[in-house]
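# Notes for the structure review
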Amino acid sequence: TVSAMTQGEAISVLTRAYYITNNQPNLDLADNSIGLLEISVKEGGLVNKFYDLPVFEEYPLTEKTVAVLNGFIFCLFGLYDLWLTNRNQQANDLFWRGTRSLKNLLPYYDIGYWSQYHLFDFPSSFPATFTYHSIVFEQLKVLYLITEENIFFDYYSKWYLKSTSFLNKTRVLYRKLILNRKLD
């Protein structure tokens, strides 16, 4: 299965391989890996929409947008790595398109005391595990350092602070136990 997260991570690996080996086929493969990020999921690509905002899908479904937050951001990192490596304009355009979309999507991922893992069941919430929550707030810190967009630092700070609360961690664990019980 094709995944925007996998594409982004593969692009990051290929750009690093190019730096180490100076082997042009690694960079060519990275360049050729971004085309699916221009194509809708319905047409076999990796872009879905959530309230008309583009989402790079980690788990592309034609029936409904999943919008897994960490997968979306890992895809952005791959695009940024490619642009840094060879100034690929398509990668740069996709990075900034995704970044603009993410800025508008972040409030949907905010459940007040934690972050959501995905938007699949929105407006119902699906809190991220502690690990995914931590990954996301660290990703947002890096996005702030790349883009200097304050919204990324604001959400990093907010979600980092929320992760230090025993009450919030307990609340998430309780929600996870209830959700798992409903699935049995």
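Our subject is the structure listed above.
Residues numbered from 1 in each chain as written. Predicted model: local features only at pLDDT ≥ 70, side-chain atom pairs only at ≥ 80, totals over all residues. Heavy atoms only, no water.

Quick look at the pairing of strand β1 (residues 47-50) now. Two faces make up the sheet, and in a regular strand the side chains alternate between them. Two strands pair when backbone bridges link them, and β1 and strand β2 (residues 53-56) are joined in this way by 4 bridges, in the antiparallel orientation. What sits directly across from V47, in β2, is F56. The antiparallel pairing of β1 with β2 creates a hairpin that spans 2 residues between the two strands, and Y51 there sits at a positive phi of about 50 degrees. (Pairing = 2+ DSSP bridges. Helix = DSSP H or I, 4+ residues; strand = E, 2+ residues; numbered from the N terminus.)

Let us look at the packing of aromatic side chains. Scanning the model with the defined rule gives 21 aromatic pairs in all. Put simply, the rings of F137, Y144, F153, Y156 and Y160 touch in pairs and so form one group of aromatic residues. Taking NZ or CZ as reference, R87 lies 4.0 Å from the ring centre of W83, over its face. A cation sits over an aromatic face here: R171 above Y113, 3.7 Å from the ring centre. (Phe/Tyr/Trp six-rings, centres within 6.5 Å; stacked < 30°, edge-to-face > 60°. Lys NZ or Arg CZ within 6 Å of the ring centre and 35° of its normal.)

For helix α1 (residues 4-21), built from 18 residues, the straight-helix expectation of 26 Å at 1.5 Å per residue is met to within 8% by its first-to-last C-alpha distance of 25 Å. The complete set of buried residues in α1 reads A4, M5, Q7, G8, I11, S12, L14, T15 and Y18. Structurally, α1 contributes buried residues whose contacts are with α2 (24-32), β2 and α3 (69-86). Measuring from the backbone nitrogen of M5 back to the side-chain oxygen at the start of α1 gives 3.2 Å, which picks out S3 as the cap. Count one or two residues on from α1 and you reach N22, which has phi positive near 60 degrees. (Expected span 1.5 Å × (residues − 1). Buried < 20%, exposed > 50% of the residue type's maximum accessible area, 1.4 Å probe, protein only. Contact = heavy atoms within 4.5 Å. Polar contact = N/O pair within 3.5 Å; in protein donor to acceptor, adjacent residues only side chain to side chain.)

Attention now goes to the packing of helix α4 (residues 89-109) against helix α6 (residues 150-163). Look at α4 against α6: their axes get within 10 Å of each other, and the N-to-C directions meet at 30 degrees. Between α4 and α6, the angle is such that the two are roughly parallel. Note that α4 runs across α6; the crossing there is left-handed. Seen from α4, the contacting residues are T99, L102, K103, L106, P107 and Y109; seen from α6, they are I151, F152, Y155 and W159. Here the residues of the contact of α4 with α6 sort into 8 nonpolar, 1 polar and 1 charged. (Axes fitted to C-alpha atoms, helices over the stretch in contact; angles between N-to-C directions. Parallel < 35°, antiparallel > 145°, perpendicular 65-115°, else oblique. Left-handed = near helix turned anticlockwise from the far one by under 90°. Nonpolar A, V, L, I, M, F, W, Y, C, P; charged D, E, K, R; others polar.)

This brings us to the pattern of salt bridges. For the coordinates displayed, the defined rule picks out 5 salt bridges. Here R97 makes a salt bridge to E38, at a shortest N to O gap of 3.3 Å. Of this pair, R97 sits in helix α4 while E38 sits in the loop between α2 and β1; the two residues are 59 residues apart in sequence, bridging distant segments of the chain. For E38, a relative accessible area of 40% translates into the label partly exposed. Among the ionic pairs, K141 bridges to E138, the shortest N-O distance being 3.0 Å. Here the residue K141 and the residue E138 both occupy positions in helix α5 (residues 130-147), the gap between them amounting to 3 residues, near one helical turn. K141 sits in the partly exposed class, given a relative accessible area of 28%. E138 sits in the partly exposed class, given a relative accessible area of 33%. (Salt bridge = Lys/Arg side-chain N within 4 Å of Asp/Glu carboxyl O.)

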